[in-house]
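Single-letter residue listing:
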Amino acid sequence: EKGIIQTVNPAVERIFGYASQELMGRNVSMLMPHPYDREHDGYIAQYLRTGRAKIIGIGREVVGRRKDGSEFPIYLGVSEGRKKGRRRFFTGVIRDLTDRRHLEQMVREISRKEQVRIGQELHDGLAQHLATTAIMAKVLEKKLQRSPSSAARDLKRVVGMINQAITQTRELAQGLYALEMHGDIVDAIRVLARDTEKTVGIRCSFEAEGPVTVSDATAVMHLYRIAREAVNNAVKHGGGKNIWIRLRRKGPREAELRIENDGKPFVKPTARQKGLGMRILSSRAAILKATLNIGPRPKGGAVVNCVFPLS
C-alpha cells in the first residue's frame, strides 16, 4: 500500500538494469520517469480511498525509467491481492515494448519510402514510357498516310509498349491500392489474388468463409500487406504452381487469414536468418494484436497464418 517493492524477478533486473538488492525495500516510483515518480504514491492513495482504478486490473502502455535514466515504453498490468493477516499488495507485470516500437517506426518509414518510390516510378517510368508511345503513334500516323504496308512493324512495337504500360500500371496500382483503401478486406484480397494470377501466371485462388468485416482502414491496410507479403514470398522464393488464400471467421470476435503455397519445403530460419520481410510481418501482426504463425505445409510448401481480432 505504500508502494514499497517486496520482490522482483530476474527479468526486472535485465529490463531496468538494477540488481535486485538495489530495488528491494525502495519505492517502485524509482522505475518511473518524472512527473509520474512524484505522483505515484498519490495514485495508490486515491485508489485506496475511492476504488477508482486508472491502471489496476486494467493494464495500459506507460513509460519506464532504467537505472541509467533512459526512458522506454512498457505495457504494465497491475493486479491486487491480500494475504491473511497482512495488508493488501499489488503485483505488476511488465512487458518491454522497445523492439515493437522500433519495428512500428520501421514499418512507417518503409511505407513512406514506398510511396515516394511509386511516385518516382509513375513520373520517371510510366509517364516517360507513355510519352514515348504517344510520339511513336504520331510518327506511325504519318507513315500510314504515306505507306500503310511499311507501318506494320512500327504498329506492332506500339502495341507492345502499350501492353508494357498496362503491366506497369497494374503493378503500381497494387502498391497503391491498400494505401487508399477504406473498403472491404474481402474485396481487397480478392483483387490481390486476381491480379497475382494475371501478372505472374501462378494459380492464386481466394476463398472467403462467413462474413468478415473490418471497419478500421488501418487494420485493413495491415491485413492486406500481410497477405501481399506472403503472396510475394511464395512467388519469389516458393517456386510452386499454386497459392491458396483463405479468409474465415473463427468466432464472434476473431477471424483467420491463411496463405498457403505448394512450393519448396519451408525451412524455419534462425534468429540471425530472419529477414526484414519476416520482421515486418511480425510487426504488422503485433499492431493488429494478432497471432502470426509461419511454418511448413504438410504436403510441401509454406503456410502463413494470421488470427486477428475483429474489434
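Each value, and the rule that gives it
- Residues numbered from 1 in each chain as written.
- Predicted model: local features only at pLDDT ≥ 70, side-chain atom pairs only at ≥ 80, totals over all residues.
- Heavy atoms only, no water.
- Helix = DSSP H or I, 4+ residues; strand = E, 2+ residues; numbered from the N terminus.
- Buried < 20%, exposed > 50% of the residue type's maximum accessible area, 1.4 Å probe, protein only.
- Contact = heavy atoms within 4.5 Å.
- Areas by Shrake-Rupley, 256 points an atom, 1.4 Å probe, with all protein chains shown as cover.
- Core = buried A, V, L, I, M, F, W, Y, C linked by side-chain atoms within 4.5 Å.
- Pairing = 2+ DSSP bridges.
- Expected span 1.5 Å × (residues − 1).
- Polar contact = N/O pair within 3.5 Å; in protein donor to acceptor, adjacent residues only side chain to side chain.

## Focus on the overall build of the protein
Moving on, step 1. Along the backbone of the protein there are 8 helices and 8 strands.
Moving on, step 2. Evaluated residue by residue, the protein yields a buried proportion of 36% over its 311 residues.
Moving on, step 3. For the protein, contacts bridging at least 24 residues in sequence account for 57% of all contacts bridging at least 6.
Moving on, step 4. Of the accessible surface of the protein, which amounts to about 19,200 Å², a share of 52% is contributed by carbon and sulfur atoms.

## Some remarks on the nonpolar core
Moving on, step 1. One finds Ile245, Leu257 and Phe308 to be the most contacted residues of the largest nonpolar core, which totals 35 residues.
Moving on, step 2. For this core, the secondary-structure elements that each account for two or more residues are helix H6 (185-200), strand S4 (203-209), helix H7 (217-238), strand S5 (242-249), strand S6 (254-261), helix H8 (276-287) and strand S8 (302-309).
Moving on, step 3. Every residue in contact with Leu257, bar those within four places of it in the chain, is listed here: Ile189, Leu223, Ile226, Ala227, Ile245, Arg246, Leu247, Val304, Asn305, Cys306 and Phe308.
Moving on, step 4. Residues Ile15, Tyr18, Phe72 and Ile74 belong to the second largest nonpolar core, which totals 10 residues.

## Re the pairing of S8
Consecutive residues of a regular strand have side chains that alternate between opposite faces of the sheet.
Moving on, step 1. For S8, a buried count of 7 out of 8 residues is recorded, marking the element as mostly surrounded by other parts of the structure.
Moving on, step 2. Sheet analysis places S6 next to S8, joined by 8 bridges and oriented antiparallel. Bridge pairing in S8 places Glu260 opposite Val303.
Moving on, step 3. Where strand S7 (residues 291-296) and S8 come together, 6 bridges link them in antiparallel fashion.

## Here's the deal with H7
Moving on, step 1. Over its 22 residues, H7 runs 30 Å from end to end, which matches the ideal 32 Å to within 8%, given 1.5 Å per residue.
Moving on, step 2. Near the N-terminus of H7, the side chain that reaches the backbone nitrogen of Thr218, with its oxygen 3.2 Å away, is that of Asp216.
Moving on, step 3. Positive backbone phi, approximately 70°, marks Gly239, located one or two places after H7.

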